[in-house]
Amino acid sequence: MKNIIEIEKLHFSYPAEEGKEAAEVLKGISLSIREGEFVAVLGHNGSGKSTLAKHINAILLPTEGRVTVDGIDTADEDRLFDLRQRAGMVFQNPDNQIVSSVVEEDVAFALENLGVPYEEMRRRVDDALKAVGMYEYRLHSPSQLSGGQKQRIAIAGIIAMQPKCIILDEPTAMLDPQGRREVLATVQRMNREQGITVVLITHYMDEAAQCDRVVVIDKGSVLMDGTPREVFSQVERIKAIGLDVPQATELAHELRKAGIELPEDILTAEECADAIEALFTKKGSN
Amino acid sequence: MAILETQELTYTYSRGTPFEKTAVDHVSLSINEGEIIGVMGHTGSGKSTLIQHFNGLLQPTSGKVLLDGRDIWENKRKIRDVRFQVGLVFQYPEYQIFEETVFRDIAFGPKNMGLDEAEIKRRVLETANDIGLPEELMEHSPFELSGGQKRRVAIAGVMAMEPKVLILDEPTAGLDPAGRDLILEHIRAYHRRTKNTILIVSHSMEDIAAFADRILVMNRGSVFCFDRTDKVFSRAEEIAGIGLDVPQVTKVFMELKRRGMDFGGEAYTVDCAKELILRRIRERNGSAPC
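Points about the overall build of chain B
Right, on to step 1. A count of helices and strands for chain B gives 11 helices and 10 strands.
Right, on to step 2. Compactness check: chain B gives a C-alpha radius of gyration of 21 Å against a globular reference of 19 Å for 290 residues, within 12% of the reference.
Right, on to step 3. Reported as C-alpha extents along the three principal axes, the dimensions of chain B are approximately 75 × 55 × 35 Å.
Right, on to step 4. Of the contacts made within chain B by residues no fewer than 6 positions apart, 62% connect residues no fewer than 24 positions apart.
Right, on to step 5. Entry remark: accessible area of chain B is about 13,200 Å², with carbon and sulfur atoms responsible for 48%.

What follows is the structure, given as structure tokens:
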């Protein structure tokens, strides 16, 4: 599968305040993301993960290095519209990204800007709303919706542009568990059914555990990059940089430290239960 | 001794309109002095409406709220005093910071209480210490601080009033795991020093499990259960059934129970799960014939 997002030796510093030296936020990040991949980006507050995400659709431009999406260089101003149509971004606060007072108008907003003909726009808006499970709410006011529903509207607005990838910057941080589940399930479906590449920035390890690949950013560099199993099995390293691992992984790790033989790459509650059950049935039959 | 009580508390929004909705329905409960209470419930369960009654932001449609045994609405003009005694920290409280220095922001509440300079200073510095804000930050602008520090300034502003009851609505929302642990640790430091009652609203059962003496679970405007943490977790299956998230280790033990393995206890933190399993292994090894 070809790479859709290519990040090459990316350096970035925010403009320095007067009399201060510019602090480098990203220190030479190289990362390739394949078409159709579902990638989680983890890192504590201030690690540079959001700054990294903002480079993918040219909200920020590299101080040094290069970012391309589907072959388009993000620094190419002439192709900015093309780029943003291919890579859409969803932010943390649902209230900051909704502009219209009717749900379907909000979803149509970007299409109007792109000059999509009416018939086509109608079809795309309806399809997008159906895809996020919000079609029945198309004539509602966004103000009456829950946080999770608002995020799904924001996602619909992106999907209507028929992008190749979606970047979500902590889309569930302000939501309750129900809202989190809705949003995650919606994004997973987009990925599975439409093959849209997903970059999910999150603080929730259980969300990251469900992705194809986990990239851990620390102090502006890539610290780890692998499958959730590969990354989370390094419990001590993850904890050392202020992140967590799923509790099932941690429990297995703690028991292993106490001398109990358990596999290292446990991620889900189910797997953990299997391993513990095996521990007792195996030895019990001796 | 009960510090806060509700008797048949009921609150109906938009009464007499087509939008009428009873958000809290005949809730009677009692919270003891010095307790740490976790409050859970999904969106729309009535938990926010309930806590807004505790310091008189909402007035009951019917029923009573008692603070120290007295009806807080007994004398409407005294409701301001109730707000000094029951401090409420909203979600994302850092958006409410407005003063020029950290010190002045924390001092705002105590100042409004009419305390003298020396007392204000003592309270600001003591709470700043509890919440982990070093003294040299006191003269900085709160807007220069990191998100986590700003949140702690905002929480300290309410703590500095030394309310008998401190209510925090989702104090860890949006923080990374290290920031979340830090805030909880500092809230615990405040509790150790003041022994004041704390209510903490959270969606994260994992946070609450390691923190609270008792847990109040709200569902559809009523009390679903209000009991010791271990007792509440013994009903994990039902709690998951009303749309709340149970910790992953609890799910592991629920699954094991389903398969007929009972570890004789409730696992709601990684530590207690580990202990339960190790205990079972020791028992088995001890009783096994050599």
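Section: the interface of chain B and chain A
Right, on to step 1. On the chain A side, the residues contacting the 32 residues of chain B number 36 residues.
Right, on to step 2. Between chain B and chain A, the buried area comes to about 3,000 Å², and carbon and sulfur atoms account for 62% of it.
Right, on to step 3. At the surface where chain B touches chain A, the tally comes to six salt bridges.
Right, on to step 4. Between Asp274 of chain A and Arg259 of chain B there is a salt bridge, with the nearest N and O atoms lying 2.7 Å from each other.

Let's talk about the packing of helix 3 (residues 102–112) of chain B against helix 5 (residues 147–159) of chain B
Residues and elements named next belong to chain B.
Right, on to step 1. Two numbers describe how helix 3 lies on helix 5: the axes approach to 7 Å, and their chain directions differ by 30°. With respect to their mutual orientation, helix 3 and helix 5 come out roughly parallel. The two elements helix 3 and helix 5 cross, and the hand of that crossing is right-handed. Each of Val102, Asp105, Ile106 and Pro110 in helix 3 lies in contact with helix 5, whose residues at this interface are Val153, Ala156 and Gly157.
Right, on to step 2. A breakdown of the residues in the contact of helix 3 with helix 5 according to their chemical character gives five nonpolar, one polar and one charged.

Looking at the nonpolar core
Buried together is how nonpolar side chains tend to be arranged in soluble globular proteins.
Right, on to step 1. Counting 52 residues, the largest nonpolar core has Val216 and Phe232 of chain A as the members making the most contacts within it.
Right, on to step 2. Discounting chain neighbours no more than four positions away, the residues touching Phe232 of chain A are Leu42, Met205, Ala208, Ala209, Val214, Ile238, Asp244, Val245, Pro246, Thr249 and Leu267 of chain A.
Right, on to step 3. Grouped together as the second largest cluster of nonpolar side chains are 51 residues, Ala160, Leu166, Ile208 and Leu244 of chain B included.

Describing the sheet that holds strand 4 (residues 64–69) of chain A
Within a beta sheet, neighbouring strands are joined by backbone hydrogen bonds and run either parallel or antiparallel to one another.
All names here are of chain A.
Right, on to step 1. Pairing within the open sheet is antiparallel, and its four strands lie in the order 2-1-4-5. Only two strands of the sheet have a single partner each, and these edge strands are strand 2 (24–34) and strand 5 (72–73).
Right, on to step 2. With eight bridges joining them, strand 1 (residues 3–13) and strand 2 adopt antiparallel strand pairing. What sits directly across from Ile5, in strand 2, is Ile33.

Remarks on the domain arrangement of chain A
Residue and element names in this part refer to chain A.
Right, on to step 1. Domain boundaries in chain A define domain 1 (3–245) and domain 2 (246–286).
Right, on to step 2. Domain 1 and domain 2 are separated by 35 Å when their C-alpha centres are compared.
Right, on to step 3. At the interface, 11 residues of domain 1 touch 10 residues of domain 2.
Right, on to step 4. Carbon and sulfur atoms make up 58% of the surface buried where domain 1 meets domain 2, a total of about 910 Å² over both sides.
Right, on to step 5. The three residues of domain 1 that bury the most area against domain 2 are Arg229, Ser233 and Val245, which together make up 53% of that side's buried surface.
Right, on to step 6. The interface formed by domain 1 and domain 2 contains three salt bridges.
Right, on to step 7. Between Lys239 and Glu250 there is a salt bridge, with its nearest N and O atoms 2.8 Å apart.
Right, on to step 8. Contributions of two or more residues to the side of domain 1 that touches domain 2 are made by helix 8 (228–232) and helix 9 (235–240).

Concerning the sheet that holds strand 6 (residues 86–89) of chain B
Residue and element names in this part refer to chain B.
Right, on to step 1. The strand order 6-7-8-3-9-10 describes an open sheet built from six strands, whose pairing is mixed. Looking at the sheet topology across the chains shown, the edges are occupied by strand 6 and strand 10 (222–228). Here the average twist between neighbouring strands, direction ignored, is 15°.
Right, on to step 2. Bridge count for strand 3 (residues 36–40) against strand 8 (residues 197–201) is four bridges, and the pairing is parallel. Following the sheet pairing, Ile37 is matched in strand 8 by Leu199.

Thoughts on empty space enclosed by the protein
Right, on to step 1. Scanning the entire structure with this criterion turns up two cavities of 30 Å³ or more.
Right, on to step 2. In this structure, the largest cavity occupies an estimated 50 Å³ of space.
Right, on to step 3. For the largest cavity, the full set of lining residues is Leu31, Ile33, Val39, Val41, Lys49, Leu52, Ala53, Ile56, Val199 and Ile201 of chain A.
Right, on to step 4. Only strand 2, strand 3 (38–42), helix 1 (49–56) and strand 8 (197–201) of chain A provide two or more residues apiece to the lining of the largest cavity.
Right, on to step 5. For the lining of the largest cavity, the element with the most residues is helix 1 of chain A, which contributes four residues.
Right, on to step 6. Tallied by class, the residues present in the lining of the largest cavity amount to nine nonpolar, no polar and one charged.
Right, on to step 7. In this structure, the second largest cavity is lined by Glu170, Pro171, Thr172, Leu184, Ile200, Val201, Ser202 and Asp207 of chain B.
Right, on to step 8. Looking at the lining of the second largest cavity, its residues break down into four nonpolar, two polar and two charged.

Regarding helix 10 (residues 248–258) of chain B
Residue and element names in this part refer to chain B.
Right, on to step 1. Of all the 11 residues making up helix 10, eight are buried; the element is thus mostly covered by neighbouring parts of the structure.
Right, on to step 2. Along helix 10, the positions that sit buried rather than exposed are Gln248, Val249, Thr250, Val252, Phe253, Met254, Glu255 and Leu256.
Right, on to step 3. Gly260 sits one or two positions beyond helix 10 and adopts a positive phi of about 90°.

Here's the deal with the confidence of the model for chain B
Right, on to step 1. The predicted model of chain B averages 91 in pLDDT, with 99% of residues at 70 or higher.
Right, on to step 2. Scored as a whole, the predicted complex attains pTM 0.85, and scored at its interfaces, ipTM 0.79.

Focus on the pairing of strand 10 (residues 221–226) of chain A
Residue and element names in this part refer to chain A.
Right, on to step 1. When strand 9 (residues 213–218) meets strand 10, the two strands line up antiparallel, connected through five bridges. Counterpart to Ile217 in the pairing with strand 10 is Val222.
Right, on to step 2. Linkage of strand 9 to strand 10, two consecutive antiparallel strands, is achieved through a turn of two residues, within which Lys219 is found at a positive phi near 45°.

A word on helix 3 (residues 103–114) of chain A
Residues and elements named next belong to chain A.
Right, on to step 1. Listing the buried residues of helix 3 in full gives Val103, Glu104, Asp106, Val107, Ala108, Ala110 and Leu111.
Right, on to step 2. Looking at the buried positions of helix 3, the neighbouring elements they touch are helix 4 (118–131) and helix 5 (147–159).
Right, on to step 3. Positive backbone phi, approximately 70°, marks Gly115, located one or two places after helix 3.

As for the side chain of Thr12 of chain B
Residue and element names in this part refer to chain B.
Right, on to step 1. Mapping Thr12 onto the fold places it in strand 1 (residues 2–13).
Right, on to step 2. When its relative accessible area of 12% is taken as the criterion, Thr12 is described as buried.
Right, on to step 3. A distance of 3.3 Å separates a polar atom in the side chain of Thr12 from a polar atom in the side chain of Thr22.

Conventions we followed
- Residues numbered from 1 in each chain as written.
- Chains lettered and ligands numbered in written order.
- Predicted model: local features only at pLDDT ≥ 70, side-chain atom pairs only at ≥ 80, totals over all residues.
- Heavy atoms only, no water.
- Helix = DSSP H or I, 4+ residues; strand = E, 2+ residues; numbered from the N terminus.
- Rg over C-alpha atoms; globule rule 2.2 N^0.38 Å.
- Contact = heavy atoms within 4.5 Å.
- Areas by Shrake-Rupley, 256 points an atom, 1.4 Å probe, with all protein chains shown as cover.
- Buried area = accessible area lost by both parts, 1.4 Å probe.
- Salt bridge = Lys/Arg side-chain N within 4 Å of Asp/Glu carboxyl O.
- Axes fitted to C-alpha atoms, helices over the stretch in contact; angles between N-to-C directions.
- Parallel < 35°, antiparallel > 145°, perpendicular 65-115°, else oblique.
- Left-handed = near helix turned anticlockwise from the far one by under 90°.
- Nonpolar A, V, L, I, M, F, W, Y, C, P; charged D, E, K, R; others polar.
- Core = buried A, V, L, I, M, F, W, Y, C linked by side-chain atoms within 4.5 Å.
- Buried < 20%, exposed > 50% of the residue type's maximum accessible area, 1.4 Å probe, protein only.
- Pairing = 2+ DSSP bridges.
- Domains from an automatic or database assignment.
- 1 Å grid on protein atoms, 1.4 Å probe; cavity = no way out; pocket = protein on both sides within 12 Å on 5 of 7 lines; lining within 4 Å.
- Points joined across faces, edges and corners; volume = space filled by probe spheres on them.
- pLDDT = per-residue confidence, 0-100.
- Polar contact = N/O pair within 3.5 Å; in protein donor to acceptor, adjacent residues only side chain to side chain.

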